[in-house]
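# Examination of the molecular architecture
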Amino acid sequence: MPQQYLVLDTTAFYAGVPYTNTSENLVTTPDVISEVSNERTRSLIALSKINVLQATPEDFRRVKDAARRTGDNNLSKADQSVLALCLSIASEGNEAILLSDDFAVENVASRLGIKARPLMTGGVTTVAEWVFFCPACGKKYSKQRPDCLVCGTKLEKRLKKK
Ligand SMILES: [Zn+2]
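Residues numbered from 1 in each chain as written. Predicted model: local features only at pLDDT ≥ 70, side-chain atom pairs only at ≥ 80, totals over all residues. Heavy atoms only, no water.

## Considerations on the pattern of salt bridges
- Under the definition given, this model contains six salt bridges.
- Across the pair Arg68 and Asp65 runs a salt bridge whose closest N-O atoms are separated by 3.2 Å. Note that Arg68 and Asp65 are positioned in helix α4 (residues 57-70) at a spacing of three residues, about one turn of the helix.
- When its relative accessible area of 55% is taken as the criterion, Arg68 is described as exposed. (Salt bridge = Lys/Arg side-chain N within 4 Å of Asp/Glu carboxyl O. Helix = DSSP H or I, 4+ residues; strand = E, 2+ residues; numbered from the N terminus. Buried < 20%, exposed > 50% of the residue type's maximum accessible area, 1.4 Å probe, protein only.)

## Describing the sheet that holds strand β4 (residues 95-99)
- Across the sheet, five strands lie side by side as β3-β2-β1-β4-β5; this open sheet has parallel pairing. The open sheet is flanked by β3 (51-52) and β5 (115-117), the only strands paired with a single partner.
- The pairing of strand β2 (residues 25-28) with β3 spans two bridges and is classified as parallel. Among the inter-strand pairings, Thr28 is bridged to a residue of β3, identified as Val52. (Pairing = 2+ DSSP bridges.)

## Considering the coordination of the zinc ion
- Every protein donor of the zinc ion is accounted for by Cys134 (SG), Cys137 (SG), Cys148 (SG) and Cys151 (SG), and the metal-donor separations fall at 2.3 to 2.4 Å.
- Coordination at the zinc ion comes from four donor atoms whose angles at the metal span 100 to 123°, giving a geometry best classed as tetrahedral. (Donors = N, O, S within 2.8 Å, 3.2 Å for Na, K, Ca; no water. Tetrahedral: all angles 85-135°; square planar, octahedral: opposite > 155°, others 65-115°.)

As far as function goes, none of this settles anything; it's purely spatial.
Have a look at this one:
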């Protein structure tokens, strides 16, 4: 039975993908982790169930070739690494879905036959007005309250994406 992996790029981290309480296989790369230098995001990663996997050098080369052909020459190492990881996952007979809001990344993904799911329009987040969330541990609350029940951090709010 092939497994499905959701591959997170840097835009996925900044968009606040729900990392906890999910049964999906979330993966990313060491290059994404080092590009996401934000302390808050790092602590989210530490608490989440995201697995950090490295793509093979061969898959990196395939991504660089594809990016050259599409003219997307400005992909960061982190961008390349998530695309390469998708190829590595697919070559093991599993399914990789890339979560990204980066147009260049999506463009190269489609060139490589990688399925990509945009965050702003896609199935990751659901439609609503506001979401309240703990910036430290990532717990979400549907109603406003001053602080997190889990860790006591002051909650923040943002518009839920469609
Ligand atoms: Zn918390």
